[in-house]
Amino acid sequence: AASHEDSNAYRWAALVGLTGALVTGAAAFASQADALEQEQKKTKIVILGTGWGATSFLNALKLKKNPLYDVQVVSPRNYFLFSPLLPAAATGTVDTKSIVDPIRGHLDRSCNYFKAEALQINHKEKTVTCCYEKPVWRTCDLAGKDKVFDLSYDVLIVAVGAVTNTFGVPGVTDHCFFLKSAEDAKAIRERVNACFELANLPDSTEEDRKRLLSFVVAGGGPTGTELAAELNDLIFEDMIRYFPRVQRSDISIRQIDSHDHILSAFDRSISAYATDHFRRSGIDLILNCRIKAVEENRVVVLDQTKNEMRQVPFGTCIWTTGIRMHPLAEKLAQQLQAQEHWRSLKVDRHLLVKGTQDIFALGDASTIEQEKVFSHAEELFEEGDTNHDGKLSSEELQDLLMRERKRYPQLIEIAARVPPNSELTKEDFQGHLAELDKSLRSVPATAQVAHQEGHYLGKLFRKHHISGSGLPEDAPEFVYNNKGSLAYIGGDKAVIDPGEAMNFLKYIKGWFMGFGWKSAEIAMQASLKNQLAVMYDFMKTKMFGRDISDI
Ligand code: FAD
């Protein structure tokens, strides 16, 4: 009887166990099915780029807390680069490593990053064709591996930036350095070192030294100006002390611009201050000159005041004159009819690419549709025409346009492109505006804009589930908040053109601002690690000078 009772107890135990296992299994299966369903419901986002726009979008999306999206990032650069300090990196003031931050640190394990380049956006198929470089390693042969793959998306974020514009000037790509990437900064640094080492050799003649140590910066915008200033600091604060065979008179730094002043996007009084500061520091400003060709060891320019050609010799020429549309964006624009004649992808106020429902573009790759800026520019013309003779000089018109630049940043570019030294009638000006309509950006191509756009879009995606079939009606529009522009002009001095946030200030300049500039550059770094590294580099440079070794 005892054994019969035992076997009954065993049967009951087995039955209870089996039921338990079945219930747990079913629950696990249900939760797996739920997870699968949730996974399938996720919107597939593909982000192209790891620069200012893309990184700010990723950070604002808060991936770790966001179950709505399945994110994949594609970029040939596996790090974020703090571009405003590239001139300082090119001259050894900061270490290039201090201004880069690995992109994987901004990602969660649930999303992936592919080190590849997007070649083509197939808008109808909702795919992106990407390619990666086949590595050539001594110990591992990857030959035969496919270099191209496709990624499908529900929503695509295009944040590929722009590329350097050579304006079709012959010889630029063959003879000039650029300053767009960390590699460019490294190449410039190596070149400056090499020129000084060669000039210092026992058999160098005075002619050799003068040729080797003549540096030309093409472009008087913020990048060119900061580079010329940093180069001047590097050479006259550090290099000159260590190369006994090199004399001050062997060295020349020249900056060329087509305007009659540098920093033309800044307030006129700031550009006048910077121009004057440069002249006093010994930088030779070649103004009112348009570059027509770059040949080996010389730049050919058209002097617009004398209307004659002249030649500017160089040992090293660095081209910093502006940007043009990225080829990937160009190819997409060609597929979309709403995109003709633009210098970057035309987007609406939600950064949605015109002619699509599922592609957003931000940063240098995009431009927001024009607002009423042209009619406002015409109103300004009428306002300035106090004589009522229907005419204004270029200078009067430029001043008027620049006065309102904080409200409408596009006016900076309109002013910059007013034909110099002439009298304009209203009809001339209207014709000029009609020409500009094809190419003008609505917001400047700056890190500040790209960052704000990325933040806006990331927040929009976080608050609403954007699935690639249009936007909710209550989605807010992007509004650019101009926080002002800073530029380093050398000798620990900087200038700031305050934005709307500090509209009560006209400008700040000098040493005090130099300290402000350094503090701002430190504070704006992508991570605490970068902030500490840049602060350390600035201090090290101040105490011990710049690192002038080849490594
Ligand atoms: P980027 O930051 O250029 O990022 C583009 C990204 O796209 C990169 O990660 C790139 O690797 C990736 N990419 C490129 N091609 C592909 C492809 N085919 N497929 C996938 N990914 C691709 N702005 C300021 O506001 N203040 C400054 O002081 C300032 N200083 C500057 C100094 C220098 C020397 C330079 C070059 C620029 C400076 N700028 C400054 C401008 C600023 O850097 C740009 O406006 C900003 O980087 C634009 O951000 P973005 O995200 O559009 O593009």
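Residues numbered from 1 in each chain as written. Predicted model: local features only at pLDDT ≥ 70, side-chain atom pairs only at ≥ 80, totals over all residues.

## A few points about the sheet that holds strand S18 (residues 316-319)
- Strand order in the open sheet made by the five strands is S11-S18-S12-S13-S14, with parallel pairing throughout. The sheet is open, and its two borders are formed by strand S11 (177-178) and strand S14 (284-286), each paired with just one other strand.
- In this structure, strand S13 (residues 252-256) lies alongside S14, joined through three bridges in parallel fashion. Bridge pairing in S14 places Ile256 opposite Ile286. (Pairing = 2+ DSSP bridges. Helix = DSSP H or I, 4+ residues; strand = E, 2+ residues; numbered from the N terminus.)

## Here's the deal with the site of the ligand
- Around the ligand lies a shell of 33 residues, among which Gly49, Gly51, Gly161, Gly363 and Thr446 are the nearest.
- For the shell around the ligand, a count of residues per class yields 18 nonpolar, 11 polar and four charged. (Near = placed C-beta within 6 Å. Nonpolar A, V, L, I, M, F, W, Y, C, P; charged D, E, K, R; others polar.)

## Things to note about helix H8 (residues 268-281)
- Given a rise of 1.5 Å per residue, 14 residues ought to cover 20 Å, and the 20 Å separating the end C-alpha atoms of H8 matches this to within 8%.
- Buried residues of H8: Ile270, Ser271, Tyr273, Ala274, Thr275 and Phe278, and no others. (Expected span 1.5 Å × (residues − 1). Buried ≥ 20, exposed ≤ 12 C-beta atoms within 10 Å, placed from the backbone.)

## Some thoughts on the environment of Val443
- Counting through the fold element by element, Val443 comes out in the loop between helix H13 (426-436) and helix H14 (447-463).
- For the pair Val443 and Thr367, spaced 76 residues apart in sequence, the C-alpha to C-alpha distance is 6.7 Å.

## A closer look at the sheet that holds strand S15 (residues 289-295)
- Spatially, the three strands line up as an open sheet ordered S15-S16-S17, and their pairing is antiparallel. In the strand order of this sheet, the two ends are held by S15 and strand S17 (308-313), each with one partner. Ignoring strand direction, the axes of neighbouring strands in this sheet form an average angle of 30°.
- Across six bridges, the pairing between strand S16 (residues 298-303) and S17 is antiparallel. Note on S17: the bridge partner recorded for Asp303 is Glu308. (Axes fitted to C-alpha atoms, helices over the stretch in contact; angles between N-to-C directions.)

## What to know about the environment of Phe167
- By secondary structure assignment, the location of Phe167 is in the loop between strand S10 (162-164) and helix H4 (172-175).
- According to the C-beta neighbour criterion, Phe167 is exposed, with 11 such atoms within 10 Å.

## Side note on the nonpolar core
- In this structure, Ile47, Ile157, Val158, Ala159, Val299, Ala361 and Val495 are the most contacted members of the largest nonpolar core, which totals 134 residues.
- Sorting elements by how many residues they give to this core places helix H7 (residues 222-242) first, with seven residues. (Core = buried A, V, L, I, M, F, W, Y, C linked by C-beta atoms within 7 Å.)

## Side note on the packing of helix H10 (residues 373-384) against H13
- One can describe the packing of H10 onto H13 by two numbers: an axis separation of 11 Å at closest approach and a directional angle of 160°. As far as their axial angle goes, H13 and H10 are roughly antiparallel. When you trace H10 past H13, the crossing you get is right-handed. Here Phe374, Ala377, Glu378 and Phe381 of H10 lie close against H13, whose contacting residues are Lys426, Phe429, Gln430 and Leu433.
- A breakdown of the residues in the contact of H10 with H13 according to their chemical character gives five nonpolar, one polar and two charged. (Parallel < 35°, antiparallel > 145°, perpendicular 65-115°, else oblique. Left-handed = near helix turned anticlockwise from the far one by under 90°. Contact = placed C-beta atoms within 7 Å.)

## Observations regarding the packing of helix H15 (residues 511-523) against helix H16 (residues 528-544)
- Where H15 meets H16, the axes come as close as 8 Å, and the angle between the chain directions of the two elements is 150°. Judged by the angle between their axes, H15 and H16 are roughly antiparallel. Of the residues in H16, those in contact with Lys518, Glu521 and Ile522 of H15 are Gln531, Val534, Met535 and Phe538.
- Among the residues forming the contact of H15 with H16, the class breakdown is four nonpolar, one polar and two charged.

## Quick word on the confidence of the model for the protein chain
- Looking at the protein chain as a whole, the pLDDT averages 87, with 86% of positions reaching at least 70.
- Helix H1 (residues 2-41) is the least confidently modelled element of the protein chain, averaging 63 in pLDDT, while strand S9 (residues 155-158) averages 98, the highest of any element. (pLDDT = per-residue confidence, 0-100.)

## So, helix H2 (residues 52-61)
- Burial within H2 is extensive, with eight of its 10 residues counted as buried.
- Residues of H2 that are buried include every one of Trp52, Gly53, Ala54, Thr55, Ser56, Phe57, Leu58 and Leu61, and no others.

## Observations regarding the pairing of strand S12 (residues 214-218)
- Counted residue by residue, S12 has five buried out of five residues, so it is predominantly covered.
- A two-sided burial pattern is seen for S12, the buried positions comprising Ser214, Val216 and Ala218 on one face and Phe215 and Val217 on the other.
- The pairing of S12 with S13 spans five bridges and is classified as parallel. Residue Val217 lies in a different strand from S13, and its bridge partner there is Gln255.
- Between the parallel pair S12 and S13, the chain is carried across by H7, and the sense of this crossover is right-handed.
- When S12 meets S18, the two strands line up parallel, connected through four bridges. From the neighbouring strand, Val217 faces S18, where its bridge partner is Ile318. (Right-handed = clockwise from strand over helix to strand, strands pointing away.)

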